[in-house]
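# Results of the structural survey
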Protein chains: 2
Amino acid sequence: MNPSPTSARNLRSAHDLGDVVLRPVRGHHAFEGCVEQLATAIRLGVFASGSALPPERELAERMGVSRATLREAIAGLRAAGMVRTTRGRGGGTVVSYEPTAPARGGTPGIAERKGELLDSLVYRRVVEPGACYVAASRTLSASERMLLTTSLQEVDRAEDAATHRQADSRLHLAIASVTGSPMTIEAVTEVQGCLHDMLQAIPVLEVNIEHSSRQHRSIVEAILGGDATKARRAMEQHCDDTAALLRGLLG
Amino acid sequence: MNPSPTSARNLRSAHDLGDVVLRPVRGHHAFEGCVEQLATAIRLGVFASGSALPPERELAERMGVSRATLREAIAGLRAAGMVRTTRGRGGGTVVSYEPTAPARGGTPGIAERKGELLDSLVYRRVVEPGACYVAASRTLSASERMLLTTSLQEVDRAEDAATHRQADSRLHLAIASVTGSPMTIEAVTEVQGCLHDMLQAIPVLEVNIEHSSRQHRSIVEAILGGDATKARRAMEQHCDDTAALLRGLLG
DNA sequence: TGTCAATGGCATGACCTTAGACCTTTAAAG
DNA sequence: CTTTAAAGGTCTAAGGTCATGCCATTGACA
């Protein structure tokens, strides 16, 4: 009666957790992963235009990859015009990528990733408010407090949409960073990568920027003040507002 | 005066985000990753003893790895005595791992991972309460509600410490699963893997089990009742209590 | 009972990745 | 000006990973 329950197989539970926990061990080739990670870091403004990437040997070690592989990745970035490389002492690989304003010439490849992107909005709602809570609960060092205030100022000071977008990402990463938790930082980095792709795909409204700036201020204020609950609530609101906006535009 | 600020390099900000966002592209070899993931799933009870793993071809595809690589991983599990493989139609790879009671014969390799494990407690505090909130916010299908109640019952019914440990993991994975968010599920899976390793390393107290069972009940109750705030608060309490216990034992 | 299909077992060749050593270039240091 | 050290550029041998196709085994089904 049941569709072929072979003795062993049907011991698996109905709503099978096994179907759900097994994830790809790794997406693609190592060098593609490197390209993606570096490109994301650059686009998010973690490495500003004009600044140098760490030396290849150091980068390779930090990314857990051989120098040959890392070099292939850098060659990819160079081919894409995101970095320029010079040799000799004092040389290195320098970021030549200038942030571009959102919604320039359509949305390349957003539609195909719709599922992943919608998921990232849910995940963000989980991760970022939690990170805020943790950040606000900790006693922050002077340099950590400085990182937060500086990042916030950079968001406020941004004059064009492109710089503002990067400063926004950096602020969120800064908040994650002051949790002191590598896993949390990784999660926020992943989320911000997706978010950036979405926000680049839509036109920016002045109203939205003003609105989110207010939220940013109250988030940072709450974290610096050590009010974990308030910090989380503020970030929740921020995530929900952004998500509503983006879900509307993804259909 | 400053320690050698070469023109380009010092454009990197003081509290350098770049130092913090770059993560290993992938830990180790693909087949090690497979072993780890499958072994964790088995130890957490996602694949119960006696049940069959999916066919190699299917598993390989789901894990994004070639069958050759996956087979090497399975060979590893077989060598470790966790699975048994039979050929022919109706054959397959069957889990032969029986859960073991915590704290049997010391704590192999917990000390070296101390940093990672402590981090996972912070990360858990971020992820699981958030997952609860999302789960409680959704309208759950009948089978999702069933999954939750069943998982809860299994925790309560567990008669020895070993099965209780697995049922506990499965309940947490079930909660993640009903968020419907793959990224969230992945995060909780990772966290539960670490948590399991820690909890296996300590003796279980009847008191603690009783305490956490109460918390489990109120968590599931809140999720089923759609009370997101209450669900999150209950899970926060649960995480904090477990974390306090474990931090004490990790030094 | 015989056939078949689902499953694990195996082999091949192309490609990727690694580790390490060594070369070349070039600015900084003396 | 010479030396030096810090970078990127190149090579090689060994091993990991992949896609694919085919073989071997064995329970299910007619």
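Residues numbered from 1 in each chain as written. Chains lettered and ligands numbered in written order. Predicted model: local features only at pLDDT ≥ 70, side-chain atom pairs only at ≥ 80, totals over all residues. Heavy atoms only, no water.

## Observations regarding the overall build of chain A
- Of the regular secondary structure elements, chain A holds 10 helices and 2 strands.
- Going from N to C terminus, chain A has its helices and strands arranged as α-α-α-α-β-β-α-α-α-α-α-α.
- Judged by the C-alpha coordinates and their principal axes, chain A covers about 70 × 45 × 40 Å.
- Within chain A, buried positions represent 49% of all 251 residues.
- Put simply, 72% of the contacts in chain A that link residues at least 6 apart link residues at least 24 apart.
- Between the centroid of the 29 positive side chains of chain A and the centroid of its 29 negative side chains there is a distance of 4 Å. (Helix = DSSP H or I, 4+ residues; strand = E, 2+ residues; numbered from the N terminus. Buried < 20%, exposed > 50% of the residue type's maximum accessible area, 1.4 Å probe, protein only. Contact = heavy atoms within 4.5 Å. Lys, Arg positive; Asp, Glu negative; His and termini not counted. Charge placed at Lys NZ, Arg CZ, Asp CG, Glu CD.)

## Some points on the UniProt feature "domain: HTH gntR-type" (unreviewed entry) in chain A
- Those residues carrying the UniProt feature "domain: HTH gntR-type" (unreviewed entry) are residues 28-98 of chain A in this numbering.
- As annotated, residues 28-98 of chain A comprises 48% helix and 11% strand, and the C-alpha atoms at either end are separated by 27 Å. (UniProt positions renumbered as here; feature names shortened; annotations may be inferred.)

## Some words on the protein's contact with DNA strand C
- In the neighbourhood of DNA strand C, 27 residues make up the surrounding shell, with Ala-30, Thr-69 and Arg-87 of chain A together with Arg-67 and Arg-71 of chain B lying closest.
- Across the atoms of DNA strand C situated within 4 Å of the protein, the share located in sugar and phosphate is 71%.
- A distance of 3.1 Å separates a sugar or linking oxygen of DNA strand C from a polar backbone atom of Arg-89 of chain A.
- Within the side chain of Arg-87 of chain B, an N or O atom sits 3.3 Å from a sugar or linking oxygen of DNA strand C.
- Ranked by residues supplied to the surface near DNA strand C, first place goes to helix 4 (residues 67-79) of chain B with 3 residues.
- A per-class count over the surface near DNA strand C returns 5 nonpolar, 10 polar and 12 charged. (Near = heavy atom within 4 Å. Polar contact = N/O pair within 3.5 Å; in protein donor to acceptor, adjacent residues only side chain to side chain. Nonpolar A, V, L, I, M, F, W, Y, C, P; charged D, E, K, R; others polar.)

## Some words on the pairing of strand 2 (residues 92-95) of chain A
Residues and elements named next belong to chain A.
- Examined bridge by bridge, strand 1 (residues 83-86) and strand 2 share 4 bridges and lie antiparallel to one another. What sits directly across from Thr-85, in strand 2, is Thr-93.
- Between strand 1 and strand 2, which pair antiparallel one after the other, the connecting turn spans 5 residues, and Gly-88 there sits at a positive phi close to 80 degrees. (Pairing = 2+ DSSP bridges.)

## Considering the domain arrangement of chain A
Residue and element names in this part refer to chain A.
- Parsing chain A into structural domains produces domain 1 (5-95) and domain 2 (111-250).
- A straight line from the C-alpha centre of domain 1 to that of domain 2 covers 22 Å.
- Both sides of the domain 1 and domain 2 interface together cover about 580 Å² of buried area, and 59% of this is carbon and sulfur.
- Sorting the residues of domain 1 by area buried against domain 2 places Arg-43, Leu-44 and Gly-45 first, and these three jointly supply 81% of that buried surface.
- For the interface between domain 1 and domain 2, the tally reads 1 salt bridge.
- The partner of Arg-43 in a salt bridge is Asp-197, with the nearest N and O atoms 3.0 Å apart.
- For the pair domain 1 and domain 2, the interface holds 3 residue pairs in polar contact (both at pLDDT 80 or more). (Domains from an automatic or database assignment. Buried area = accessible area lost by both parts, 1.4 Å probe. Salt bridge = Lys/Arg side-chain N within 4 Å of Asp/Glu carboxyl O.)

## Overview of the protein's contact with DNA strand D
- If you check the shell around DNA strand D, you find 25 residues, and the closest are Arg-67 and Arg-71 of chain A together with Ala-30, Thr-69 and Arg-87 of chain B.
- A share of 70% of the atoms of DNA strand D within 4 Å of the protein falls on sugar and phosphate groups.
- Here a phosphate oxygen of DNA strand D sits 3.2 Å away from a polar atom, N or O, in the side chain of Ser-66 of chain B.
- Taken together, the elements giving at least two residues each to the surface near DNA strand D come down to helix 3 (56-62), helix 4 (67-79), strand 1 and strand 2 of chain A together with helix 2 (30-43) and helix 4 of chain B.
- For the surface near DNA strand D, a count of residues per class yields 4 nonpolar, 9 polar and 12 charged.

## Considering the environment of Lys-230 of chain A
- Secondary-structure assignment places Lys-230 of chain A in helix 10 (residues 228-250).
- Each C-alpha atom, one on Lys-230 of chain A and one on Gly-76 of chain A, is 44 Å from the other, the two residues being 154 residues apart in sequence.

## As for the interface of chain A and chain B
- If you look at the interface, chain A gives 64 residues, while chain B gives 64 residues.
- Both sides together, the interface formed by chain A and chain B hides about 6000 Å², and carbon and sulfur atoms give 63% of it.
- Sorting the residues of chain A by area buried against chain B places Leu-22, Arg-23 and Met-183 of chain A first, and these three jointly supply 13% of that buried surface.
- Our count for the chain A to chain B interface comes out at 4 salt bridges.
- The residue Arg-23 of chain B makes a salt bridge to Glu-186 of chain A at a minimum N-O spacing of 3.4 Å.
- Remark: the boundary between chain A and chain B carries 12 residue pairs in polar contact (both at pLDDT 80 or more).
- Those elements that provide at least two residues to the side of chain A that touches chain B are helix 1 (18-21), helix 2 (30-43), helix 3, helix 5 (114-137), helix 6 (142-157), helix 7 (161-177), helix 8 (182-200) and helix 10 of chain A.

## A short note on the relation of the copies chain A and chain B
- With an RMSD of 0.1 Å, the fit of chain A onto chain B corresponds to turning through 180 degrees and sliding 0.0 Å along the axis. Overall, the copies show the geometry of a two-fold rotation axis. When each C-alpha of chain A is compared by its distance to the rotation axis, Val-127 of chain A comes out closest, at 3.0 Å. (Least-squares fit on C-alpha atoms with pLDDT ≥ 70 in both.)

## Let's talk about helix 8 of chain A
- Taking 1.5 Å per residue as the helical rise, helix 8 of chain A with its 19 residues ought to reach 27 Å, and the 27 Å between its terminal C-alpha atoms agrees with that figure.
- Among the 19 residues in helix 8 of chain A, 16 count as buried, and that is most of the element. (Expected span 1.5 Å × (residues − 1).)

## Some details on the packing of helix 9 (residues 206-225) of chain B against helix 10 (residues 228-250) of chain B
All names here are of chain B.
- The geometry of helix 9 relative to helix 10 is characterised by a closest axis approach of 8 Å and an angle of 160 degrees between their N-to-C directions. Between helix 9 and helix 10, the crossing angle belongs to the class labelled roughly antiparallel. Considering the relative orientation of helix 9 and helix 10, their crossing is left-handed. In contact with Asn-208, His-211, Ser-212, Gln-215, His-216, Ser-218, Ile-219, Glu-221, Ala-222 and Ile-223 of helix 9, helix 10 contributes Lys-230, Ala-231, Ala-234, Met-235, Gln-237, His-238, Asp-241 and Leu-245.
- Its residues placed into classes, the contact of helix 9 with helix 10 shows 7 nonpolar, 8 polar and 3 charged. (Axes fitted to C-alpha atoms, helices over the stretch in contact; angles between N-to-C directions. Parallel < 35°, antiparallel > 145°, perpendicular 65-115°, else oblique. Left-handed = near helix turned anticlockwise from the far one by under 90°.)

## Section: helix 4 of chain B
All names here are of chain B.
- End to end, helix 4 covers 18 Å across 13 residues, agreeing with the expected 18 Å (1.5 Å per residue, within 8%).
- Each element contacted by the buried residues of helix 4 is listed here: helix 2, helix 3 (56-62), strand 1 (83-86) and strand 2 (92-95).
- A positive backbone phi angle near 75 degrees is found at Gly-81, which sits one or two residues after helix 4.

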